[in-house]
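Single-letter residue listing:
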Amino acid sequence: CDGCSLWVHAGCAGVDEEEYDLTSSGDHPIYSKEFLCRVCCRQRCLDIIFKLQQEDKQFLFAEPVTDKVAPNYLDVVKQ
């Protein structure tokens with residue numbers, strides 16, 4: 001893990017042989033820059049969510065968007 005320096009067995013991390021080869025060669029679309037164990041990945045996600053919440057000063061994203069608030073919103077987001 002590039003976050004905590006824990007050695008992670010590829011199989012235990014759910015990384016298959018193809019992903020391992022791509023990661024080792026630096027060609028994996030996600031893990032090419034860094035690999036995080038589940039604990040560090042969870043913490044990174046929580047840190048990102050916290051930072052996004054701090055940026056949302058008008059609380060625009062504090063509640064889920066519903067059809068009642070924004071009709072057809074989900075159709076637009078899918079596109």
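Scroll up to find the structure.
Keep in mind that what you see is a predicted model, and the values were worked out from it rather than measured.

Regarding the overall build of the protein
Point 1. Broken down by element type, the protein carries three helices and zero strands.
Point 2. Counting helices and strands in the order they occur from the N terminus, the protein gives α-α-α.
Point 3. In summary, the protein has a C-alpha radius of gyration of 18 Å against a globular reference of 12 Å for 79 residues, an excess of more than 25%.
Point 4. Looking at the 79 residues of the protein, the share that counts as buried comes to 10%.
Point 5. Contacts spanning at least 24 positions in sequence make up 58% of the contacts within the protein whose residues lie at least 6 apart.
Point 6. When the accessible surface of the protein is totalled, it reaches about 7200 Å², and 57% of it is carbon and sulfur.
Point 7. Once the 8 positive and 14 negative side-chain charges of the protein are each reduced to a mean point, those two points are 10 Å apart.

Structural notes on unusual backbone geometry
Point 1. At phenylalanine 59, a position not held by glycine, the phi torsion is positive, near 55°.
Point 2. Relative to the assigned elements, phenylalanine 59 resides in the loop between α2 (38-55) and α3 (73-78).
Point 3. Judged by relative accessible area, phenylalanine 59 falls into the exposed class, the value being 63%.
Point 4. You will see that asparagine 72, though not glycine, has its phi angle at about 70°, which is positive.
Point 5. The residue asparagine 72 is located in the loop between α2 and α3 in this model.

A look at the side chain of histidine 28
Point 1. If you trace the backbone, histidine 28 turns up in the loop between α1 (17-25) and α2.
Point 2. Once residues within four sequence positions are removed from consideration, histidine 28 is found in contact with Glu19, Leu22 and Thr23.

Topic: α1
Residue pairs spaced three or four apart in an α-helix point in one direction, given the helix's 3.6 residues per turn.
Point 1. The N-cap residue of α1 is aspartate 16: its side-chain oxygen and the backbone nitrogen of glutamate 18 are 3.2 Å apart.
Point 2. Just downstream of α1, glycine 26 is the residue with a positive phi angle, here 85°.

Some words on the layout of surface pockets
Point 1. In this model, the largest pocket occupies a volume close to 280 Å³.
Point 2. Around the largest pocket, the lining comprises 14 residues; the ones closest to its centre are Val8, Ala10, Tyr20, Thr23 and Phe35.
Point 3. Partitioned by chemical class, the residues of the lining of the largest pocket number ten nonpolar, three polar and one charged.
Point 4. In this structure, the second largest pocket spans a volume of roughly 210 Å³.

Digging into the side chain of aspartate 56
Point 1. Within the secondary structure layout, aspartate 56 lies in the loop between α2 and α3.
Point 2. Of the side chains bearing the opposite charge, lysine 57 lies closest to the buried aspartate 56, which forms no salt bridge; the N-O distance is 9.1 Å.
Point 3. Polar contacts involving the side chain of aspartate 56 include one to the main-chain amide nitrogen of leucine 60, which spans 2.8 Å.
Point 4. Discounting chain neighbours no more than four positions away, the residues touching aspartate 56 are Phe61 and Ala62.

So, how was this worked out
Residues numbered from 1 in each chain as written. Predicted model: local features only at pLDDT ≥ 70, side-chain atom pairs only at ≥ 80, totals over all residues. Heavy atoms only, no water. Helix = DSSP H or I, 4+ residues; strand = E, 2+ residues; numbered from the N terminus. Rg over C-alpha atoms; globule rule 2.2 N^0.38 Å. Buried < 20%, exposed > 50% of the residue type's maximum accessible area, 1.4 Å probe, protein only. Contact = heavy atoms within 4.5 Å. Areas by Shrake-Rupley, 256 points an atom, 1.4 Å probe, with all protein chains shown as cover. Lys, Arg positive; Asp, Glu negative; His and termini not counted. Charge placed at Lys NZ, Arg CZ, Asp CG, Glu CD. Polar contact = N/O pair within 3.5 Å; in protein donor to acceptor, adjacent residues only side chain to side chain. 1 Å grid on protein atoms, 1.4 Å probe; cavity = no way out; pocket = protein on both sides within 12 Å on 5 of 7 lines; lining within 4 Å. Points joined across faces, edges and corners; volume = space filled by probe spheres on them. Nonpolar A, V, L, I, M, F, W, Y, C, P; charged D, E, K, R; others polar. Salt bridge = Lys/Arg side-chain N within 4 Å of Asp/Glu carboxyl O.

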